[in-house]
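So the chains spell out like this:
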Amino acid sequence: MSTLAVREAAPAAGTTPGTTQGPGWRRRIALVPTLTLLLGAVYTLLPVAWVVIASTKSGHELFSTFTFLPGTGFTGNLRDLDAYRDGVYWTWMGNSALYAGIGALLSTAVSAFSGYALATYRFKGRETMFNVLLAGVLMPPVILAIPQYLLLAEAGLTDSYLSVLMPQILSPYGVYLARIYAAAAVPDDVVEAGRMDGASEWRIFTRIALPMMVPGMVTVFLFQFVAIWNNFLLPFIMLSDDEKFPLTLGLYTLLEQGSNTPALYTLVITGAFLAVLPLIVLFLVVQRFWSLDLLSGAVKS
Amino acid sequence: MTSPTSRRPYGVKGAPYGFLLPATLLFALFFALPIGYAVWLSFRKMHVSGLGLGAGARSEVWAGAENYTAAFQDSELLNGALRVLGYGCVVVPVMLGLALLFALMLDSDRVRLAPFTRLAIFLPYAVPGVVAALLWGFLYLPDVSPFSFVLDRLGLPQPDLLDGGPLYLALSNIAVWGGTGFNMIVIYTSLRSVPAEVYEAAKLDGATPLQIALRIKIPMVAPSLVLTFFFSIIATLQVFNEPTTLKPLTNSVSTTWSPLMKVYQDAFGRNDIYSAAAEATLIAVVTLLLSFGFLRAANRRDKQEAAR
């Protein structure tokens, strides 16, 4: 049942619409749309292509050779990055993976609980609770992060892993997505049948509803993983010990130092290239069984 | 509580609250409490007696609306708001225009390479804002920029992309690059949910693809356009990462370029958390007013359309 919704949405990932045309029509390519999209792809891929090429250049080549000409310094750059402050870059990458992995997992669990409750139960204050949770989206992150910092400072928790992890567990958008998926994937009569069989509410959730919600929860996990991986502001405010920095903050401090010493530019560029690699690989891998449409709350094609 | 029959309905009734407990606790701790604390701080100030030395010389006292009057009269905050307004006037229309264009193109008949281009245009979503600003920052930097290289070879003048008017375009471009793909997916998803029969009649009547797009498809996806517009405005008001990251590359981005950067600067640069709290509260109120105003206007239009 649960995979059905995804399977239906999956063809949207690639197939060209319009099956009613004759064989002569099918061979013709719509030139304007195809070219427009290709131009769009060139625009979005340009900086990515640049960073891939620039990361192969040595410091000298970076300023002397044409931008899109590959250089010879990639292994040298990697070695420099590895040597920089005893390999602090890899610590940053590990931290990012830790924050994003654990944070997204907890966030998905909280979203699943909340979304399931909001979608399948009729109870007093349901819409109010949902709207209040959603209003969290409207709060500018700086406005939350500064008092969060001051309060965590009172508790002696700033500059710790927890200070970056905890504020990111509740995701209003995650709850919103989870509610939509739960409403679409978990039929009321299945929950009712579970009750008739004498199963507890918790058991109905874990054994019946949760497996049906898996595709939607994968989406919430990915969304939150990307959000935490890309977050800069919260660690920027919370952390001062660079051993706890995630990649975004680490690269920023590297760039800040690099503005005085161009020799660090190659480190920043190589670091930026390695920082986008994991997420691009992640998206290419999950493409096989997961559709982008799910990210916008699509449940059926 | 003792007999299973009486526990049953209680369990069902209490269950949703149980499931919502973690979210409620987190909301109270990391949303409600900090917001309340910020509002409280915004009405406080530091009172310094004498030279401000010694343990008892500094104390927190009630400030009334003092911090708010100061925030209203702060020209730098206003200038920041105007800068962000100018920036938003470029980002939102261009980004959503491109997102709509790409979504319509993806949805057209006989388009080729759609899976590849769709993924490519979406790709910047997976690139952290800091890294995006960093990549474009280097592409703007005259020493390494391919644009400057080409212009130089052609003997044309090279505009400094990191200063003055072009700086707005340079910053806007980073936001457009990062945000178009996600919005394209949202619009495209809602385009695909329109049943094909809707277009068939128009096609039989000889409508061109352009006419179908303008007269049928765009009105059909209006709700998702409203939604993306709404979220884009909110994201624009909150711009922080991109100008902060560009700052090391240029002197034209001040530490108070956007209102949120000013809040950060006041809180941690000047250590005046009270002014920062007042400014933050002000920005939050403006955001909420704009949001509700916009949603109400959108609702009213919906009702008018329905009444027609």
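Residues numbered from 1 in each chain as written. Chains lettered and ligands numbered in written order. Predicted model: local features only at pLDDT ≥ 70, side-chain atom pairs only at ≥ 80, totals over all residues.

Colleague: Just to check I follow, could you spell out the UniProt feature "transmembrane region" (unreviewed entry) in chain B for this structure?
Modeller: This chain's UniProt record puts "transmembrane region" (unreviewed entry) on residues 20-43, 84-107, 119-141, 167-188, 220-240 and 273-295 of chain B. The annotated region residues 167-188 of chain B carries 100% helix and 0% strand content, and the separation between its end C-alpha atoms amounts to 31 Å. (UniProt positions renumbered as here; feature names shortened; annotations may be inferred. Helix = DSSP H or I, 4+ residues; strand = E, 2+ residues; numbered from the N terminus.)

Colleague: I keep staring at the nonpolar core and nothing clicks. Help me out?
Modeller: Most often, soluble globular proteins keep nonpolar side chains buried together rather than apart. The biggest cluster of nonpolar side chains holds 164 residues, and the ones touching the most others in it are Ile146, Leu251 and Ala272 of chain A. Ranked by the residues each element gives to this core, the list is headed by helix α3 (residues 75-106) of chain B, at 15 residues. When near neighbours in sequence (up to four residues on either side) are disregarded, Ile146 of chain A contacts Ile237 of chain A together with Ala38, Val263, Ala267, Ala276 and Ala280 of chain B. (Core = buried A, V, L, I, M, F, W, Y, C linked by C-beta atoms within 7 Å. Buried ≥ 20, exposed ≤ 12 C-beta atoms within 10 Å, placed from the backbone. Contact = placed C-beta atoms within 7 Å.)

Colleague: Is there a simple way to explain the UniProt feature "domain: ABC transmembrane type-1" (unreviewed entry) in chain A in this structure?
Modeller: UniProt feature "domain: ABC transmembrane type-1" (unreviewed entry): in the numbering of this structure it lies at residues 93-286 of chain A. What you have in residues 93-286 of chain A is 77% helix and 0% strand, and the ends, taken at the C-alpha atoms, are 21 Å apart.

Colleague: It is not clear to me how the pairing of strand β2 (residues 58-62) of chain B should be interpreted in this structure. Could you clarify?
Modeller: Across a regular strand the side chains alternate sides, sitting on one face of the sheet and then on the other. All names here are of chain B. Little of β2 is tucked away: zero of the five residues are buried. With five bridges connecting them, strand β1 (residues 44-48) and β2 associate as antiparallel partners. Along β2, the bridge assignment pairs Lys45 with Val61. (Pairing = 2+ DSSP bridges.)

Colleague: Just checking my understanding: could you explain the UniProt feature "transmembrane region" (unreviewed entry) in chain A for this structure?
Modeller: Under the UniProt annotation, the feature "transmembrane region" (unreviewed entry) is placed at residues 29-53, 97-118, 130-150, 170-187, 208-229 and 263-286 of chain A. The span residues 263-286 of chain A shows a helical share of 92% and a strand share of 0%, and its end C-alpha atoms are spaced 37 Å apart.

Colleague: Would you explain the confidence of the model for chain A in this entry?
Modeller: Any region with low pLDDT has predicted coordinates that should not be read closely. Residues and elements named next belong to chain A. Per-residue confidence for chain A gives a mean pLDDT of 84; residues scoring 70 or more make up 89%. Ranking the helices and strands of chain A by mean pLDDT puts helix α6 (residues 88-120) first, with 96, and helix α1 (residues 2-9) last, with 37. Low pLDDT (under 50) marks residues 1-26, which in the prediction has 42 contacts with non-local residues, meaning those over four places away or in another chain. (pLDDT = per-residue confidence, 0-100.)

Colleague: Any chance you could explain the interface of chain B and chain A here in plain terms?
Modeller: Frequently, the measure chosen for interface size is the accessible area that the parts lose on association. Facing 76 residues of chain B, the contacting portion of chain A comprises 81 residues. Considering every element that reaches the side of chain B that touches chain A, the biggest residue donor is helix α1 (residues 4-42) of chain B, with 16 residues.

Colleague: Explanation requested: the environment of Ile29 of chain A in the structure shown.
Modeller: Here Ile29 of chain A is to be found in the loop between α2 (23-27) and α3 (31-54). Distance from Ile29 of chain A to Gly174 of chain A, taken between C-alpha atoms, is 39 Å for residues 145 residues apart in sequence. Setting aside anything within four residues of it in sequence, one finds Ile29 of chain A in contact with Thr34 of chain A together with Arg110 and Arg112 of chain B.

Colleague: Any chance you could explain the UniProt feature "domain: ABC transmembrane type-1" (unreviewed entry) in chain B here in plain terms?
Modeller: In the UniProt entry, the feature "domain: ABC transmembrane type-1" (unreviewed entry) is given for residues 81-294 of chain B. Helix makes up 74% of residues 81-294 of chain B and strand 0%, whereas the separation of the span's terminal C-alpha atoms amounts to 19 Å.

Colleague: Hey, could you run me through the environment of Val276 of chain A in this one?
Modeller: Relative to the helices and strands, Val276 of chain A resides in helix α15 (residues 265-286). For the pair Val276 of chain A and Asn230 of chain A, spaced 46 residues apart in the sequence, the C-alpha separation amounts to 9.7 Å. Apart from residues no more than four positions distant in its own chain, Val276 of chain A is found in contact with Val48 of chain A together with Val127 and Val131 of chain B.

Colleague: Explain the environment of Gly164 of chain B to me, please; I cannot follow it from the model alone.
Modeller: By secondary structure assignment, the location of Gly164 of chain B is in helix α7 (residues 164-192). With 101 residues separating them in the primary sequence, Gly164 of chain B and Gln265 of chain B have C-alpha atoms 22 Å apart.

Colleague: Looking at this structure, how should I read helix α4 (residues 114-122) of chain B?
Modeller: Count 3.6 residues to each turn of an α-helix, and residues three or four apart come out pointing the same way. Those residues of α4 of chain B that sit buried are Ala114, Thr117, Arg118, Ala120, Ile121 and Phe122 of chain B. Residues of α4 of chain B that are buried in the fold lie against α3 of chain A together with α3 and α7 of chain B.

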